[in-house]
Each structure stands twice: as C-alpha cells, then as structure tokens.
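What the coordinates show
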Amino acid sequence: MSAKSEHQTVPLSVLLRRELANEKIEKPEIVHGQACQSKKGEDFTLLKAECQRMVGDGVSTYSVYGLFDGHNGSAAAIYAKENLLNNVLSAIPSDLNRDEWIAALPRALVAGFVKTDKDFQEKVQKSGTTVTFVIIEGWVVTVASVGDSRCVLESAEGGIYYLSADHRLETNEEERVRITSSGGEVGRLNTGGGAEVGPLRCWPGGLCLSRSIGDMDIGEFIVPVPYVKQVKLSTAGGRLVICSDGVWDALPAEVAFDCCRGMSAEASAPQIVKEAVQAKGLRDDTTCIVVDILPQEKPTASVPHQKKPVKGMLKSMFRKKSSESSSYIDKEYLEPDVVAELYEEGSAMLSERLDTKYPLCNMFKLFMCAVCQVEIKPGEGISIHEGAPNPQKLRPWDGPFLCSSCQEKKEAMEGKKSTDRLSSGSDE
C-alpha cells in the first residue's frame with residue numbers, strides 16, 4: 001500500500017458539477033469476470049452489477065463487488081457476503097441526491113462493516129474473514145477493506161493505484177503500534193527454547209491480520225473498521241483487479257495486469273489465477289475479480305450496426321507500460337491528475353471515522369444508532385465522542401450517537417474494556 005497522497009483532495013461536489021456541466025460525459029459501461037481455484041473452500045465473491053436506487057423522480061444505478069477470504073471456516077465469509085451490503089445501505093439516508101449519496105459512502109461502509117461484525121459475533125461462531133468491498137457509481141470508485149485481500153486500479157492513462165490496505169502485521173507498522181498501545185501483544189509463534197517462527201501475529205489469538213470481520217475467539221484488538229479510499233476516474237475509464245492473498249502472494253500488481261493485457265474482463269480473471277498458481281502452486285484459495293470501467297460506445301453514423309471492438313479497445317485502454325519493474329508494496333507511484341482522490345482514511349477509531357465534519361453533515365439521525373441503526377430513546381444515546389482525548393474540540397454531547405451495545409463494542413476495540421475471548425491460533 002502506498003503512503004497517503006500529499007496532494008489536496010478534490011471536493012466531490014466540484015467534480016460532479018464539472019461532470020454535469022459537460023454534456024458529453026456519460027456513465028461508464030461496467031463489465032466483470034471472476035475465477036477461483038479452491039484449496040480450502042473459504043473464498044466467496046459478491047457480484048452485483050446495475051443495482052438501482054430511486055433519486056427524486058428518476059433511477060440511479062451502481063455496481064457492487066466483494067471478495068471475502070475466510071479463515072477458521074467459511075461461516076464469517078458467507079455471513080458477510082449475505083449481509084454486508086444491506087448493512088451499508090441501511091446506514092445511508094434514503095433522501096440523498098447523487099453527490100450526497102457518494103459522499104455518504106465512506107462512513108456508511110464503516111458503520112456497515114462494524115454492524116456486520118457485531119451481528120456475526122452474536123452467533124458465537126469462531127471463524128473470520130477478510131473483506132474487500134467495491135462500490136462503483138458512475139466514474140467514482142469507493143473501496144473498503146479489512147485484511148490482506150486487495151483491490152488495485154490501473155487507469156486508462158497507465159497509472160497503478162492501490163485502493164485497499166494490507167492489514168498483515170508483518171508489513172503494517174501502524175497496526176502493530178495500535179495493537180500494542182491498546183494492550184495487545186505482537187510476536188511470532190514460539191516453538192520452545194526461544195525459537196520463533198512464522199509471521200508476526202496478534203496475541204491473544206495468534207491471527208496474523210490486524211483487521212477482519214468475525215474472529216470472536218481472537219480478541220477485540222482485531223477490529224472490523226475498514227480502510228476506505230474513494231477516487232474518481234477520468235472518462236477514459238480503467239481496470240480493477242480484486243484478488244485474495246492467494247494471487248498477491250504470487251504476483252506483483254504489474255505482472256497481474258500485464259499477463260492479461262488486451263483480454264476481456266471475463267478472460268482476464270482466469271488468466272491471472274492461472275499465472276498465480278503457476279508461479280507458486282495452489283497453496284491457498286486463489287480468487288480474482290476483474291472489473292472494467294469503460295467509456296460508453298459512441299454511435300457511428302456511417303456504420304450504424306457495427307459491433308464494439310472490445311478486444312482492440314481494451315488493448316488501447318490497458319496498453320503495455322514501461323518494462324521497468326518494482327515492488328508492488330514499496331514503490332511510490334506518481335498519480336496523474338486524471339484520477340482524483342476524493343477520500344482516504346484508515347483510522348481504527350470510530351470517533352474519527354463517524355465524525356460529522358466530512359463529507360456530509362446531516363447523515364446520522366439524532367435518535368438512531370450510527371452503527372446498528374436501531375432507534376435510541378432521547379437521553380439514552382451515547383456520543384461517539386465520549387471519552388475523546390480533546391474534550392474542548394470534540395464535545396461529548398455532540399452526535400452522532402451509539403446505542404449501549406455499540407458503545408461497548410467501540411470501547412472494546414479501543415482497548416478500554418476487558419474481554420474474555422479465547423486464545424486459539426489461526427492459519428490466516
């Protein structure tokens with residue numbers, strides 16, 4: 001994952017006004033493909049193109065893609081696949097226009113992830129899952145992620161953008177600091193005699209990831225609060241590659257894109273999986289989703305019934321880049337101006353992620369829990385800012401508010417509440 005960009009983000013309303021002012025701008029065509037070679041049977045995908053929602057007197061469409069890589073069983077992955085989208089949508093007010101709806105997505109994704117985790121843990125099942133969740137509305141792509149599955153974008157202009165975070169403790173120093181600061185421990189498996197083996201893990205529990213949905217037996221230091229990034233593509237479009245760690249452990253992003261250059265999304269996904277398995281063997285579930293965000297075909301007067309040359313268009317869109325290779329984790333990419341960053345945040349603190357300052361001030365209702373959306377009686381809601389370190393800036397009587405159950409969840413995630421969870425290692 002590259003470091004947070006230093007340039008200023010562009011207000012979403014400004015970008016959308018530019019789009020509305022240009023009558024030539026059209027909504028993109030979204031096409032996708034997926035492939036999987038299974039080792040454990042714990043990877044699941046969600047593919048929902050052309051979802052509809054009412055906007056005033058009209059209808060707006062969006063597409064949703066999710067990858068759920070389970071561990072210690074498949075129950076958490078299946079539950080997240082079946083419930084996460086509804087939980088995200090329920091956190092968005094129903095009367096928003098298009099730009100307000102897009103602006104509300106980052107906080108709705110946080111609320112949806114936390115609610116999904118909370119509801120699943122009430123089922124007292126011990127499995128967990130990584131999640132990479134993508135919502136595409138027009139040219140705006142919003143990605144929320146926990147764990148080590150990843151979403152990478154290659155724009156039509158040739159730039160590569162990492163839209164998700166890697167929450168492996170081995171590579172993420174910020175997460176190691178967060179866990180130890182909250183009272184957890186980070187270390188390798190001790191085999192006796194002082195010998196330590198394997199990747200860094202969180203103790204108690206022994207999970208090598210710092211964020212996931214589920215994992216009720218691991219401990220509250222493993223949180224479901226996602227890293228969220230939102231970008232707006234140029235009208236030339238781009239390609240998203242969403243894969244589980246079975247792919248990314250075998251292929252750098254450049255190789256994943258290059259091995260299927262010029263191929264359709266439907267053909268590209270199995271090609272990437274094939275390349276990954278050939279490189280490292282089938283050591284884990286190896287799953288790939290490829291999503292192409294394409295300009296709409298322009299009508300041609302001279303050839304009214306000509307079919308779209310998809311392969312040729314994709315060749316020009318995802319052209320061969322420079323042969324100069326680099327690490328897909330460590331290299332800093334210079335982002336061209338044509339892909340505008342709208343939002344990026346990875347804090348694990350709910351008080352920061354559900355704040356009302358940006359980007360939509362009136363998103364959360366006064367007597368509704370910001371996470372689980374249950375009604376709260378007047379005077380019973382607990383401010384998200386209660387216990388904040390800067391009381392002069394963040395007043396505890398300001399909203400949004402949590403119900404008592406979600407407040408307990410928040411305190412546990414922040415290391416302010418003890419937990420009786422069991423310690424059982426995980427292969428993840």
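Keep in mind that what you see is a predicted model, and the values were worked out from it rather than measured. (Residues numbered from 1 in each chain as written. Predicted model: local features only at pLDDT ≥ 70, side-chain atom pairs only at ≥ 80, totals over all residues. Heavy atoms only, no water.)

Moving on: the overall build of the protein chain. Assigned secondary structure in the protein chain consists of ten helices and 16 strands. Counting the 428 residues in the protein chain, one finds 53% classified as buried. Taking contacts inside the protein chain between residues at least 6 apart in sequence as the whole, the part at least 24 apart equals 73%. Of the roughly 19000 Å² that the protein chain leaves accessible, carbon and sulfur atoms contribute 50%. (Helix = DSSP H or I, 4+ residues; strand = E, 2+ residues; numbered from the N terminus. Buried < 20%, exposed > 50% of the residue type's maximum accessible area, 1.4 Å probe, protein only. Contact = heavy atoms within 4.5 Å. Areas by Shrake-Rupley, 256 points an atom, 1.4 Å probe, with all protein chains shown as cover.)

With that out of the way, let us pick up helix α2 (residues 75-90). Compared with the 22 Å implied by 1.5 Å per residue over 16 residues, the 22 Å span of α2 between its first and last C-alpha is a close match. Maximal helix bending in α2 amounts to about 40 degrees, located at Asn 83. Along α2, the residues classified as buried are Ala 76, Ala 77, Tyr 79, Ala 80, Leu 84, Leu 85, Asn 87 and Val 88. (Expected span 1.5 Å × (residues − 1). Bend = angle between axes of the 7 residues up to and from the residue.)

This part takes up the pairing of strand β11 (residues 227-232). The buried fraction of β11 is high, at six of six residues. Judged by which residues are buried, β11 turns out to be covered on both faces: Tyr 227, Lys 229 and Val 231 on one side and Val 228, Gln 230 and Lys 232 on the other are all buried. Across six bridges, strand β5 (residues 140-146) lies against β11 in antiparallel orientation. Within the sheet, the bridge partner assigned to Val 143 lies in β11 and is Lys 229. Strand direction decides the pairing type here: β11 and strand β14 (residues 340-345), joined by five bridges, are antiparallel. Paired with Val 231 across the strands is Glu 341, a residue of β14. (Pairing = 2+ DSSP bridges.)

Moving on: unusual backbone geometry. Here the bond from Trp 203 into Pro 204 is cis, since omega is 5 degrees, no more than 30 degrees from zero. Even without a glycine there, the phi angle at Glu 50 is positive, about 60 degrees. Along the chain, Glu 50 falls in strand β2 (residues 43-55). With phi around 65 degrees, Gln 373 is a residue other than glycine that occupies positive phi space. Among the secondary structure elements, Gln 373 is positioned in the loop between α9 (350-353) and β15 (382-383). Classification of Gln 373 by relative accessible area gives partly exposed; the value is 22%.

Moving on to the side chain of Asp 245. Checked against the element boundaries, Asp 245 lands in helix α5 (residues 245-248). Using a relative accessible area of 5% as the deciding quantity, one classes Asp 245 as buried. Polar side-chain contacts of Asp 245 include one of 3.4 Å to the side chain of Arg 168. (Polar contact = N/O pair within 3.5 Å; in protein donor to acceptor, adjacent residues only side chain to side chain.)

Bringing the environment of Val 374 into the picture now. Mapped onto the elements, Val 374 comes out in the loop between α9 and β15. C-alpha separation for the pair Val 374 and Leu 402, spaced 28 residues apart in sequence, amounts to 9.1 Å. Those residues in contact with Val 374 that lie beyond four places of it in its chain are Phe 367, Met 368, Cys 369 and Cys 403.

Across the interface, α2 lies against helix α3 (residues 98-121) with an axial gap of 8 Å and an inter-helix angle of 140 degrees. Put simply, α2 runs oblique to α3. In this structure, the crossing between α2 and α3 has a hand that is right-handed. Where α2 abuts α3, its residues Ala 75, Ala 76, Tyr 79, Ala 80, Asn 83, Leu 84, Asn 87, Val 88 and Leu 89 lie against Trp 101, Ala 108, Leu 109, Gly 112, Phe 113, Lys 115, Thr 116, Asp 119 and Phe 120. (Axes fitted to C-alpha atoms, helices over the stretch in contact; angles between N-to-C directions. Parallel < 35°, antiparallel > 145°, perpendicular 65-115°, else oblique. Left-handed = near helix turned anticlockwise from the far one by under 90°.)

Ring pairs (aromatic) are described by centroid distance and by the angle formed between their planes. With the rule as written, the count across this model stands at four aromatic pairs. With 5.0 Å between their ring centres and 45 degrees between their planes, Tyr 62 and Trp 101 make a pair best called tilted. Of this pair, Tyr 62 sits in strand β3 (residues 58-71) while Trp 101 sits in helix α3, placing them 39 residues apart in sequence. Relative to Phe 133, the ring of Phe 113 has its centre 6.5 Å away and its plane inclined at 80 degrees; by these criteria the two rings are edge-to-face. In this pair, Phe 113 sits in helix α3 while Phe 133 sits in strand β4 (residues 128-137), placing the two residues 20 residues apart along the sequence. Overall, Phe 113 belongs to the buried group, its relative accessible area being 0%. (Phe/Tyr/Trp six-rings, centres within 6.5 Å; stacked < 30°, edge-to-face > 60°.)

Shape is all these values report; function is a separate question.
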